[in-house]
Amino acid sequence: MKRQRRLFSSFALCLLFVVAACGGGAGVDGDASETPTRDPSPMDYVKISEGPCFGTCPVYDFTLKGDGQVVFHGNRFSQVSGQRLSSRSVGLFLDALETLKAHDFEKLAGVYDRSTCKMAATDHPTIELVVKSADVNGTLHWYTGCRGLDERIKLERMVDELRRILDVEEFIGTDEDRAKMRRR
């Protein structure tokens with residue numbers, strides 16, 4: 001009988017760990033808002049585009065759809081030229097959304113260009129982020145030459161982290177790769 005109780009207790013404890021590890025519904029405080037409201041649709045997407053600059057800035061469009069499909073189009077100074085199709089996990093799409101939420105993308109969405117910044121340096125790229133999903137939605141148009149923006153550090157961190165998570169470098173290459181392209 002003692003052995004059966006120990007086995008049952010061990011089983012119950014294991015089950016508790018499994019449920020906790022799998023997310024088991026609402027969080028500790030009863031808030032289930034961390035989970036998406038629905039599975040992402042193939043119509044959902046995160047798109048990052050970068051425009052030209054005076055140097056070897058990559059010029060590209062990178063779109064990750066809700067079903068994990070990637071559409072990349074490299075225009076200039078990118079390792080991949082032209083269109084390339086690839087795929088990622090749906091989990092990566094959800095990670096991208098979580099990153100955007102963590103950086104308050106919807107509050108940052110808007111236009112940061114020469115008309116809205118205090119000073120503007122010339123010959124910098126423009127970055128555009130377009131996000132469409134039930135959980136995060138918006139467009140960000142940011143001329144990176146804008147100076148005097150209170151949001152500049154937030155914008156840089158968000159874009160850098162998003163590029164890293166999406167592994168955009170796989171398509172555009174490193175700064176060193178692009179410097180070699182310029183020497184050709």
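Quick note: structure is the one above.
Residues numbered from 1 in each chain as written. Predicted model: local features only at pLDDT ≥ 70, side-chain atom pairs only at ≥ 80, totals over all residues. Heavy atoms only, no water.

Undergrad: Lay out the pairing of strand 1 (residues 45-50) in plain terms, naming residues and giving numbers.
TA: By the bridge criterion, 6 bridges tie strand 1 to strand 2 (residues 59-65) in an arrangement that is antiparallel. Bridge pairing in strand 2 links Ser49 to Asp61. Both strand 1 and strand 7 (residues 126-132) contribute to a ladder of 6 bridges, which runs antiparallel. Residue pairing for strand 7: Ser49 is matched across the bridge by Glu128. (Pairing = 2+ DSSP bridges. Helix = DSSP H or I, 4+ residues; strand = E, 2+ residues; numbered from the N terminus.)

Undergrad: Residue-level account of the nonpolar core, with values.
TA: In this structure, Ile48, Phe62, Leu100, Leu129 and Leu166 are the most contacted members of the largest nonpolar core, which totals 35 residues. Leave out the neighbours within four places in its chain, and Ile48 touches Tyr60, Asp61, Phe62, Ile127, Glu128, Leu129, Val159, Arg163, Leu166 and Val168. (Core = buried A, V, L, I, M, F, W, Y, C linked by side-chain atoms within 4.5 Å. Buried < 20%, exposed > 50% of the residue type's maximum accessible area, 1.4 Å probe, protein only. Contact = heavy atoms within 4.5 Å.)

Undergrad: Go over the packing of helix 2 (residues 90-102) against helix 4 (residues 152-166), please, and point to the residues and values.
TA: In contact at an axis separation of 10 Å, helix 2 and helix 4 are set at 170° when each is read in the N-to-C sense. Accordingly, the angle class assigned to the pair helix 2 and helix 4 is roughly antiparallel. Across the interface between the two elements, Leu92, Asp95, Ala96, Thr99 and Leu100 of helix 2 pack against Met158, Glu161, Leu162, Ile165 and Leu166 of helix 4. (Axes fitted to C-alpha atoms, helices over the stretch in contact; angles between N-to-C directions. Parallel < 35°, antiparallel > 145°, perpendicular 65-115°, else oblique.)

Undergrad: Let's hear about helix 2: which residues, and what values?
TA: When the terminal C-alpha atoms of helix 2 are compared, their 19 Å separation across 13 residues agrees well with the 18 Å that a helix rising 1.5 Å per residue should span. Buried residues of helix 2: Leu92, Phe93, Ala96, Leu97, Thr99 and Leu100, and no others. Here the buried residues of helix 2 occupy an arc of 160° about the axis, which is enough to place them on one side. Once helix 2 ends, the next one or two residues include Asp104, with phi positive near 55°. (Expected span 1.5 Å × (residues − 1). Arc of directions from axis to C-beta.)

Undergrad: Can you explain the side chain of Ser49? Please cite residues and give values.
TA: Take Ser49: it is sitting in strand 1. In this structure Ser49 comes out as buried when scored by relative accessible area, which is 11%. Residues in contact with Ser49, not counting those within four places in the same chain, are Tyr60, Asp61, Thr126, Ile127 and Glu128.

Undergrad: Please set out the state of the cysteines residue by residue, giving values where relevant.
TA: Disulfide: a covalent bond formed between the sulfur atoms of two cysteine residues. One pass over the full model with this rule turns up 1 disulfide. A sulfur-sulfur distance of 2.0 Å marks the disulfide that ties Cys53 to Cys57. Judged by the torsion about the S-S bond (100°), the Cys53/Cys57 disulfide is right-handed. Judged by its relative accessible area of 18%, Cys57 falls in the buried class. (Disulfide = S-S within 2.5 Å.)

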